[in-house]
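Here are the chains, one letter per residue:
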Amino acid sequence: MKKSTKIILIAANVFFWIIILFIGFAFEWNFPPFETADGTFYPSMLWGNLFNAVVLYANALILYPYRKRLWISYWMVVALLLVATSVAEAFVDYQLVFQLDIFEKLDPVYKDSPALFIADNFLTNIVVHFLWYILSFAIVFLFESNRNQRIQKTLEEEKLKAELKFLRAQINPHFLFNGINSVYFLIDERPEIAKSTLLKFSDLLRYQLYECQDDSILLAKELAHINSYIEMERIRRGDDLNISLALPGSIGDYEISPLLFTPFLENAFKYVSNDDDGSKNKIDITFEIINDQLNFNIENTVDDNNNLPQGGIGIANVRKRLELLYPQKHNLEISESENRFKVEINLTLQS
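In this text the structure is predicted, and so the values were computed from the model without any measurement.

Analysis parameters
- Residues numbered from 1 in each chain as written.
- Predicted model: local features only at pLDDT ≥ 70, side-chain atom pairs only at ≥ 80, totals over all residues.
- Heavy atoms only, no water.
- Core = buried A, V, L, I, M, F, W, Y, C linked by side-chain atoms within 4.5 Å.
- Buried < 20%, exposed > 50% of the residue type's maximum accessible area, 1.4 Å probe, protein only.
- Helix = DSSP H or I, 4+ residues; strand = E, 2+ residues; numbered from the N terminus.
- Contact = heavy atoms within 4.5 Å.
- Salt bridge = Lys/Arg side-chain N within 4 Å of Asp/Glu carboxyl O.
- Patch = residues over 30% accessible without salt bridge, like charges linked within 9 Å, V, L, I, M, F, W, Y side chains within 5 Å.
- Areas by Shrake-Rupley, 256 points an atom, 1.4 Å probe, with all protein chains shown as cover.
- Phe/Tyr/Trp six-rings, centres within 6.5 Å; stacked < 30°, edge-to-face > 60°.

(A) Expanded view of the nonpolar core. Within the largest apolar cluster, 42 residues are counted, with the highest numbers of intra-cluster contacts made by Ile256 and Phe264. Every element with two or more residues in this core is listed here: helix H6 (191-210), helix H7 (219-237), helix H8 (262-271), strand E4 (282-290), strand E5 (293-301), helix H9 (313-325), strand E6 (330-337) and strand E7 (340-348). When residues in this core are grouped by element, the largest group, six residues, is from H7. Setting aside chain neighbours within four positions, we find Ile256 in contact with Ser216, Ile217, Leu219, Glu222, Phe261, Leu294, Tyr326, Leu347 and Leu349. Ile20, Val55, Ala60 and Leu81 belong to the second-largest nonpolar core, a separate cluster that totals 17 residues.

(B) Fine view of the pattern of salt bridges. Under the defined criterion, the tally for this structure stands at three salt bridges. In this structure, Glu231 engages Arg234 in a salt bridge whose closest nitrogen and oxygen atoms are separated by 3.1 Å. You can see Glu231 and its partner Arg234 sitting in helix H7, three residues apart, about one turn around the helix. Here Glu299 makes a salt bridge to Arg340, at a shortest N to O gap of 2.7 Å. In this pair, Glu299 is assigned in strand E5 and Arg340 in strand E7, connecting sequence segments 41 residues apart. Via salt bridges that share partners, Asp284, Glu299 and Arg340 belong to a single interconnected network.

(C) Looking closely at a nonpolar patch on the surface. Judged by side-chain polarity, Leu61, Ile62, Phe141, Leu142 and Phe143 come together as a nonpolar surface patch covering roughly 500 Å² of accessible area. Of all elements in the fold, only helix H2 (41-63) and helix H5 (114-189) reach the threshold of two or more residues within the nonpolar patch. Of the residues forming the nonpolar patch, the biggest block, three residues, is contributed by H5. With respect to the helices, strands and loops of the structure, Leu61 is situated in helix H2. Judged by relative accessible area, which is 43%, Leu61 ranks as partly exposed.

(D) Main features of the packing of aromatic side chains. This structure, assessed with the given rule, holds nine aromatic pairs. Judged by centre distance (4.8 Å) and plane angle (40°), the ring pair of Phe287 and Phe296 falls under tilted. Residue Phe287 is classed as buried on the basis of its relative accessible area of 3%. Aromatic rings pair up to connect Tyr64, Tyr74, Trp75, Phe130, Tyr133 and Phe137 into one cluster.

The structure is reproduced here in structure tokens:
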């Protein structure tokens, strides 16, 4: 239980007892020999609420939480609690009469029979204590409700972590497949470039395997990884592709979920147009930070007959991760116009 929650619960209980005492002190209680006019009601009120509190909290905090393991014993202990507190309070009432020397206020039948006085008070007390026992379930309800909320929150967090772990696990094989496929086609045609690409690819894979295990990573590291990925593609594609990358000048200590943009980068390089004139094949990538907002834009030329990846695994993966990690704090737009495919993501950063 959080410290703030404990403080609220304690304050609520203190306020509750203040109200109970205020109600008791505000009204006359015509129950001889303890009458307000005699000035003897207040000690009795304090003693009575002390025993009421014992019944209330003993059941709510100690007995009821263990009822499932010892169900029969629970009812036996509850009965013992009610009897014991009722006898104890009746005895204290008698001692109060004795100490205040107000025997003349008693019914004559009680003067020579303390046991009868205690027995009659016991019957009254056990009814009152039973009512406080019933009232204790209000506290039980509050504690159970708080406990169930904590359990539900824990389950939701575990489910979220498991789902994010699964989604992130999908990225590694997807990235691995694309990288190996790229190197494979370069080995025979351009072996030297294949070697350089393979070295870059191993560095990128090391980043994904060893530096992306946490829920968030410094944005500076993520952008450095993206820059390395694009450099690998520059080596691999050479003059066949015109790549433009714009990164923010100042990044600060912002953090971000790792590998959010990787699927869009992969798709852009996979589906970019393949015109004989390499200058017409373009990919423009822009990262911009404005007032804690990260704006990511990637736009690539496409061929007329290209099947664009509107519903691919990578894009669906990112959609889901954005919904889980940045609820109400992101916007994703995918559009196509004039042989160009564009993706725009806006999300709120945190440091």
